[in-house]
Amino acid sequence: MEHGVDPKLALRFGLYEVDLLQGVLSRQGVRLKIQEQPFRILALLLQRPGEIITREELRQSLWPEGTHVNFDGSLNAALKKLRAAIQDDAENPRFIETVPRQGYRFLAPVHSVNAAASPVSLSTNASPEISEESFEVRMRLQPEFSPERAAALNRERKKAERAAWWIDFSLLSCAIIFGSWLLFFIVYPVPRPSVQRMTRITNAGGIDEWGGIVSDGTRIFFLERDGGHWNLMQTSVEGGNAEKMPAPFENTRIFALSPDHAQFLIGRFTRRDDEMPLWLWPVQGGEPRRMGEAFGHDPAWSPDGSQIIYVRGRSLYTIHPDGTQLRELAHGPGLPHFPAWSPDGETIRFSMDKREDGTQAVWEMAADGSGLHPILASGRQPASQSAGEWTADGRYFLFSGCENYDCNLWGIREAWNWFRRSHHDPVQLTHGPDSLHVAIPTQTGSRVFAFSFRSNRELQKIEPRSHHAESLILNANAEVASVSPDGHLVLYTDRSDGSLWRSGIDGAQRLRLTKPPLVASAPHWSRDGKQVLFTGVRPGYLRQIYFLSADGGALRAVLPEGREASDADWSPDGTQIVVSMREQKTQPKFGVYLFKSSTTEWTLLPESRGLVAPRWSPDGRYVAALDETNHRLLHYDFQTEKWSDLSEGGLLGAPYWTSDSSAIYFQDQLDTEQAIYRVNIANRQVEKVFSCGEILRSSPSHCIFSGLGMDGSLYVMVERGLTDIYALDLDLP
């Protein structure tokens, strides 16, 4: 800084700052004690760094003419205090150098700074108060400071103080606003969704929920089974009489409606579990058009109508509506179902049969097939999830969640609310008493349609020649039943919790054999009626085969670790069992194995991959089984060591041997009258033994063949129930 140039408000050297206006010396923001005379010497040296300030100049500046003082002693004392304040050493100076016989020189570089931004601690000792006298001293030290200049600096200081006040006020206001928002965010979250009203839409009773529900906003379309045939039906979204809809094929299923409401996406089927060719059918009527080579099930339109996704096997495919650009989008670890696009077209969700216990889970991936993962990996959730769909506005994802046999409507909030806390865990929207399946949002996004199913079951004993039926008293929640060889006891599972029970054929002497969370199915008596085996599954575990005494007691698991079973049956002598089993990691297809209890030895029957529901003949020579599609009935001959086809059908039930092993009884559940058949082993001739048509015409929806008595009588589980469509009006905040 050249001499004669207007000085700045504050100067800095080393770690020190000097405010010439306020008379303050600070070190790294901490205010230091310094008396007036040492400060005057420092100020004079800082104004002329690098120059020699003579002792005479210092005397004239510090002690005006006429002042009587011991000059040498006072100056030396002031310099000593100054050096102490700035931690300088006279012998090895960093800042103030003594020039012999001349004066003093400031050695360090001096920089000007903005004093308004100079941080000074308020907790340190302050220098003497600023007064008119001290101001006059600074004016003498810096004669360039005019009263106008001082007033301007004072205005700048006040302006800086006002700016600092506004900053503090703004920060305090922001803190208050943020605190208020945080309190509101935590204390008043977004309300959970709920069902406001349920309205019954149909009164058909014979609806087949496999056909799904499609709506155009004014009508709903669904399937109604009529024996071995399916009718395409329609009715108003407000309810009323359902009408049969003209269809292009004998069995036509509507899967979806195009976004522009111009075309139906349909399938042509013979058996409902088959994959089928996909067609486009104009809403106004006309001839359907084959959609290229698309062949599968559960197709869905993209929101913009440019693509269609569908399922075939374990893969998801996309195709353009004109039948071009068919490509595999993703291959899942399980069997996918019900793919659905998000309203923005960026995400696809679907149900997948992947869980080891046989239940379904909702999975998600990007529209290009990447990022495949389950969306409910942990936390509160139903055991099985399926049939998911977004609401029209994309704020909620709705799906059917099931625990054992009871299903309800569930929802997940997708949208984030910045002003109120949102719950993003699954919320159960309905709580029975009927079982609800499939949620289909309409264009408004606040109404969904769901199948409601309610039923009870009764075990009947039927004499096939006279058709005489005897009702056996049984729990109305019984799911499956197995009658003991002597015909006095019955095993059944309770649908409410999956527990296994034993009771007398008249319903007396009920005994619970298993408890939740184990869910039992497919129980079988040993030939002597003393033991029971059944298929059981616990949450998170593979399906296992268990042994159990007919009087209850401890369970014994049969399968090795890592193996999963479908069904099992006893050998005639009770020393072995035949099991349909698979190794998930190395062999995904079920195979038929023999297990000897005494040696724990496992033997795979030749060419038995893909077979389930094995049944050992009473004479021990044969094993009957079904293929995994339940279309074919086969039997294995231990003498020839070969499998042979016995019969085919639409959906075959588990086979039952006659007591002399000469024939097998089975049921085709897709038969027009759900008839029970017998196939002769010797000549493979098939004959109808009993038709459930008369029973079904009286009101039941299903007649399930459940066993064969020693005297040739038939045991059937008669299910009386209704499936109807309900509209649910939702509150989706």
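Scoring rules and cut-offs
Every chain's residues receive numbers from 1 upward, in the order its sequence appears when written. A pLDDT threshold of at least 70 governs which residues receive local features in this predicted model, and a stricter bar of 80 or more applies before side-chain atom pairs are shown or counted, although totals over entire chains, interfaces and linings include all residues. In computing side-chain values, all of the structure's heavy atoms are included and hydrogens and water are not. A helix here means a DSSP run of H or I that spans at least four residues, while a strand means a run of E at least two residues long, and both kinds are numbered starting from the N terminus. Between buried and exposed lies partly exposed: a residue is buried under 20% and exposed over 50% of the maximum accessible area for its type, with that area taken using a 1.4 Å probe on protein chains only. Contact definition: two residues touch when any of their heavy atoms are within 4.5 Å. With residues, only the protein chains shown are counted as cover, and all accessible areas are computed by Shrake-Rupley using a 1.4 Å probe. Charged residues are defined here as Lys and Arg on the positive side and Asp and Glu on the negative side; His and the ends of the chain fall outside this count. Salt bridge, as applied in this entry: a Lys or Arg side-chain nitrogen positioned within 4 Å of an Asp or Glu carboxyl oxygen. In protein, a polar contact means a hydrogen-donor-capable atom and an acceptor-capable atom, both N or O and within 3.5 Å, with residues adjacent in sequence counting only if both atoms are side-chain atoms; elsewhere, any N or O pair within 3.5 Å suffices. Pairs of cysteine sulfur atoms within 2.5 Å are what we label disulfides. A cavity here means a set of 1 Å grid points, computed over protein atoms only, where a 1.4 Å probe fits but cannot escape. A pocket is an open set with protein on both sides within 12 Å along at least 5 of 7 lines, and lining residues have an atom within 4 Å of a point. Grid points are joined across faces, edges and corners, and a volume is the space filled by probe spheres set on the points. Each residue gets one label: Ala, Val, Leu, Ile, Met, Phe, Trp, Tyr, Cys and Pro are nonpolar, Asp, Glu, Lys and Arg are charged, and the others, such as Gly, are polar. Here is the rule: rings of Phe, Tyr and Trp (six-membered ring for Trp) pair when centre to centre is within 6.5 Å. Planes less than 30 degrees apart are stacked, more than 60 are edge-to-face, and the remainder are tilted. Working definition of a nonpolar core: buried Ala, Val, Leu, Ile, Met, Phe, Trp, Tyr and Cys residues. They are joined through side-chain atoms within 4.5 Å. One bridge is not enough; two strands pair if DSSP finds at least two bridges between them. Axes here mean lines fitted to C-alpha atoms, for a helix over just the part in contact, with angles spanning 0 to 180 degrees between N-to-C directions. Patch members must show over 30% relative accessible area and no salt bridge, and they are joined within 9 Å when carrying like charges or within 5 Å when they are nonpolar side chains of Val, Leu, Ile, Met, Phe, Trp or Tyr. Angles are sorted into four bins: roughly parallel if under 35 degrees, roughly antiparallel if over 145, roughly perpendicular if 65 to 115, and oblique for all others. Helix crossings are classified by the rotation of the near helix relative to the far one: an anticlockwise turn of less than a right angle makes the crossing left-handed, while a clockwise turn makes it right-handed.

A. Broad picture of the overall build of the protein chain. For the protein chain, the helix and strand inventory stands at six helices and 53 strands. Counting over 733 residues, the protein chain shows a buried share of 48%. Here the contacts in the protein chain between residues at least 6 apart in sequence split such that 44% fall between residues at least 24 apart. Accessible area of the protein chain: about 35300 Å², with a carbon and sulfur share of 50%.

B. Highlighting the side chain of Asp-88. Relative to the assigned elements, Asp-88 resides in the loop between α3 (71-85) and β6 (96-99). Of the side chains bearing the opposite charge, Arg-83 lies closest to the buried Asp-88, which forms no salt bridge; the N-O distance is 4.2 Å. A distance of 2.8 Å separates a polar atom in the side chain of Asp-88 from the backbone nitrogen of Arg-94. Within the structure, the side chain of Asp-88 is placed 3.4 Å from the backbone nitrogen of Phe-95, a separation counted as a polar contact.

C. Seen up close, the state of the cysteines. For the structure shown, the criterion picks out two disulfides. Numbered in order of appearance, the disulfide-bonded cysteines of the protein chain are paired 1-2, 3-4.

D. Region of the structure containing empty space enclosed by the protein. Within this structure, the stated rule accounts for one cavity of 30 Å³ or more. Its boundaries defined by the atoms lining it, the largest cavity holds a volume of some 50 Å³. Every residue along the wall of the largest cavity is listed here: Val-190, Pro-191, Arg-192, Pro-193, Tyr-396, Gly-411, Ile-412, Arg-413, His-423, Asp-425 and Val-427. Considering every element that reaches the lining of the largest cavity, the biggest residue donor is strand β27 (residues 406-413), with three residues. Split by residue class, the lining of the largest cavity holds six nonpolar, two polar and three charged.

E. Inspection of the layout of surface pockets at higher detail. Computed from the structure, the second largest pocket encloses a volume of approximately 720 Å³. Along the wall of the second largest pocket there are 31 residues; nearest its centre are Val-483, Pro-485, Arg-527, Leu-708 and Met-710. Of all the elements, strand β52 (residues 702-708) adds the most residues to the lining of the second largest pocket, at three residues. Grouping the constituent residues of the lining of the second largest pocket by class yields 13 nonpolar, eleven polar and seven charged.

F. Representation of the environment of Leu-46 within the structure. Residue position: Leu-46 is located in helix α1 (residues 36-47). Classification of Leu-46 by relative accessible area gives buried; the value is 0%. Residue contacts for Leu-46: discarding those within four places in its chain leaves Leu-11, Phe-13, Val-18, Phe-106 and Val-110.

G. Representation of unusual backbone geometry within the structure. For the bond from Pro-516 to Pro-517, the omega torsion is 10°, close enough to zero to count as cis. Examined against the element boundaries, Pro-517 turns out to sit in the loop between β35 (511-512) and β36 (519-525). Here the phi dihedral of Gln-28 falls at roughly 50°; this positive angle occurs in a residue that is not glycine. Examined against the element boundaries, Gln-28 turns out to sit in the loop between β3 (24-27) and β4 (30-31).

H. Region of interest: the packing of aromatic side chains. On inspection of all chains with the given rule, the structure shows 28 aromatic pairs. For the ring pair Phe-95 and Phe-106, a centre distance of 6.2 Å and an interplane angle of 20° mean the geometry is stacked. Of this pair, Phe-95 sits in the loop between α3 and β6 while Phe-106 sits in strand β7 (residues 103-106); the two residues are eleven residues apart in sequence, bridging distant segments of the chain. Note on Phe-95: relative accessible area 5%, which makes it buried. Looking at Phe-106, the relative accessible area reads 1%, which means it is buried. An angle of 65° between the planes, with centres 5.3 Å apart, marks the rings of Trp-230 and Phe-269 as edge-to-face. Taken together, the positions of Trp-230 in strand β12 (residues 229-236) and Phe-269 in the loop between β15 (263-268) and β16 (276-282) put the pair 39 residues apart, joining distant regions of the chain.

I. Fine view of the nonpolar core. Counting 32 residues, the largest nonpolar core has Phe-13, Leu-25, Ile-41, Leu-75 and Phe-106 as the members making the most contacts within it. Contributions of two or more residues to this core are made by β1 (10-13), β2 (16-19), α1, α2 (55-62), α3 and β7. The element contributing the most residues to this core is α1, with seven residues. In this structure, Phe-221, Ala-256, Leu-278 and Leu-280 belong to the second largest nonpolar core, which totals 28 residues.

J. Quick look at the pairing of strand β21 (residues 335-341). Taking burial as the measure, the seven residues of β21 include five buried ones, the bulk of the element. Where β21 meets strand β22 (residues 347-353), five bridges bridge the pair, whose relative direction is antiparallel. Along β22, the bridge assignment pairs Ala-340 with Arg-349. Connecting β21 to the next strand, β22, in antiparallel fashion are five residues, including Gly-345 with a positive phi near 75°.

K. Here's a closer look at the sheet that holds strand β5 (residues 52-54). Spatially, β5-β7-β6 is the arrangement adopted by the three strands of the open sheet, whose pairing is antiparallel. The outermost strands of the open sheet, each flanked by one partner alone, are β5 and β6. For this sheet the average axis-to-axis angle between neighbouring strands, irrespective of direction, equals 30°. Running over the sheet, α2 touches β5 and β7 and is turned about 60° from β5. On top of the sheet, α3 reaches β6 and β7; it is set at about 150° to β6, its chief contact.

L. Expanded view of the environment of Ala-450. Locating Ala-450 in the fold gives a position in strand β30 (residues 447-463). For Ala-450, a relative accessible area of 2% corresponds to the buried category. Separated by 275 residues in sequence, Ala-450 and Ile-725 place their C-alpha atoms 5.7 Å apart. In this structure Ala-450 touches Ile-213, Leu-436, His-437, Val-438, Asp-724, Ile-725, Tyr-726 and Leu-728, once residues within four positions along its chain are discounted.

M. Just a nonpolar patch on the surface, in detail. Taken together, Phe-178, Leu-182, Leu-183, Ile-186 and Val-187 make up a surface patch of nonpolar side chains, about 470 Å² in accessible area. Looking at the element boundaries, Leu-182 is found in helix α5 (residues 147-187).

N. Representation of the sheet that holds strand β24 (residues 373-374) in the model. Ordered by their spatial adjacency, four strands build an open sheet running β21-β22-β23-β24, and the pairing between neighbours is antiparallel. Each having just a single partner strand, β21 and β24 make up the two edges of the open sheet.

O. Layout of the packing of α1 against α2. With their axes 11 Å apart at the nearest point, α1 and α2 run at an angle of 125° to one another. Between α1 and α2, the angle is such that the two are oblique. The handedness of the crossing between α1 and α2 comes out as right-handed. Contacts from Gln-37, Arg-40, Ile-41 and Leu-44 of α1 reach α2 at Glu-57, Leu-58, Ser-61 and Leu-62. The residue makeup of the contact of α1 with α2, split by class, is four nonpolar, two polar and two charged.

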